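Okay, here's what each chain looks like letter by letter:
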Amino acid sequence: MEDDSDHLGAMERELGSQCQSLNDIHDQLITLIALSGGVNRSVEAPPAVTNAVVTPLNPPNTTTTHQLKPATPSEFIGNHTKGCAFLNSCDLYIGLAPTQFADDQARIYWVLSFMKGDHAVCFTDRTM
């Protein structure tokens, strides 16, 4: 049976790994924000959107009556083993519904809105 110091050591290593992963994601988001023209740092939260009209990039196909309704990603709590799946589901949604996002900043805020638990919410607070 392992003693408490072995468990504590394992937990500290795991926490260090998760912190590094979150820092890497943070750096990537900062790069995306910089590439999209930056974000006004005085803004505490994304601007509220009410009755916004988004002009489609490509006109909808008038011969089909069904539109794809992709599933939104699951909430992300910061588990680094599920990070790739979370990013893939976000990318898939954005790819299937590009007209729902006015620009890169809207996409970034949308992704951050699914980061709701544990380390992810700390990352979102730091980013905002």
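The paragraphs below set out a description of the structure included in this document. None of these values were measured; they are calculated from a predicted model.

## Considerations on the packing of aromatic side chains
Aromatic rings in a pair are described by how distant their centres are and how their planes are angled relative to each other.
Consideration 1: Applying the stated criterion across every chain, the model contains 5 aromatic pairs.
Consideration 2: Here Phe 101 and Trp 110 contribute two aromatic rings whose centre-to-centre distance is 5.3 Å and whose plane-to-plane angle is 70°, an arrangement assigned as edge-to-face. There is no split in this pair, since Phe 101 and Trp 110 are both buried.
Consideration 3: The interplanar angle of 70° and the centroid separation of 4.9 Å between the aromatic rings of Trp 110 and Phe 114 together place this pair among those described as edge-to-face.
Consideration 4: Members of the aromatic cluster, connected to one another through ring pairs, are Tyr 93, Phe 101, Trp 110 and Phe 114.

## Remarks on the side chain of Thr 124
Consideration 1: Structurally, Thr 124 is set in helix α4 (residues 118–127).
Consideration 2: For Thr 124, the residues in contact, after removing those within four places along its chain, are Leu 112 and Met 115.

## Some words on the nonpolar core
Consideration 1: Counting residues in each nonpolar core, the largest one holds 19 residues, and the members touching the most others are Phe 86, Trp 110, Val 111, Leu 112, Met 115 and Phe 123.
Consideration 2: Looking at this core, the elements with two or more residues in it are α1 (4–35), α2 (83–96), α3 (104–112) and α4.
Consideration 3: When residues of this core are assigned to their parent elements, the largest contribution, 5 residues, is made by α3.
Consideration 4: Setting aside residues up to four positions removed in sequence, Leu 112 forms contacts with Leu 29, Phe 123, Thr 124, Thr 127 and Met 128.

## Structural notes on a nonpolar patch on the surface
Consideration 1: A contiguous nonpolar surface patch, about 320 Å² in accessible area, is contributed by Leu 68, Leu 92 and Leu 96.
Consideration 2: Tracing the backbone shows Leu 96 in helix α2.
Consideration 3: We classify Leu 96 as partly exposed; its relative accessible area is 40%.

## Considering the packing of α2 against α3
Consideration 1: Where α2 meets α3, the axes come as close as 11 Å, and the angle between the chain directions of the two elements is 135°. Accordingly, the angle class assigned to the pair α2 and α3 is oblique. As α2 packs across α3, the resulting crossing turns out to be right-handed. Between α2 and α3, the contacting residues are Phe 86, Cys 90, Tyr 93 and Ile 94 on the first element and Arg 107, Trp 110 and Val 111 on the second.
Consideration 2: Here the contact of α2 with α3 is composed, by residue class, of 6 nonpolar, no polar and 1 charged.

Rules of the game
- Residues numbered from 1 in each chain as written.
- Predicted model: local features only at pLDDT ≥ 70, side-chain atom pairs only at ≥ 80, totals over all residues.
- Heavy atoms only, no water.
- Phe/Tyr/Trp six-rings, centres within 6.5 Å; stacked < 30°, edge-to-face > 60°.
- Buried < 20%, exposed > 50% of the residue type's maximum accessible area, 1.4 Å probe, protein only.
- Helix = DSSP H or I, 4+ residues; strand = E, 2+ residues; numbered from the N terminus.
- Contact = heavy atoms within 4.5 Å.
- Core = buried A, V, L, I, M, F, W, Y, C linked by side-chain atoms within 4.5 Å.
- Patch = residues over 30% accessible without salt bridge, like charges linked within 9 Å, V, L, I, M, F, W, Y side chains within 5 Å.
- Areas by Shrake-Rupley, 256 points an atom, 1.4 Å probe, with all protein chains shown as cover.
- Salt bridge = Lys/Arg side-chain N within 4 Å of Asp/Glu carboxyl O.
- Axes fitted to C-alpha atoms, helices over the stretch in contact; angles between N-to-C directions.
- Parallel < 35°, antiparallel > 145°, perpendicular 65-115°, else oblique.
- Left-handed = near helix turned anticlockwise from the far one by under 90°.
- Nonpolar A, V, L, I, M, F, W, Y, C, P; charged D, E, K, R; others polar.

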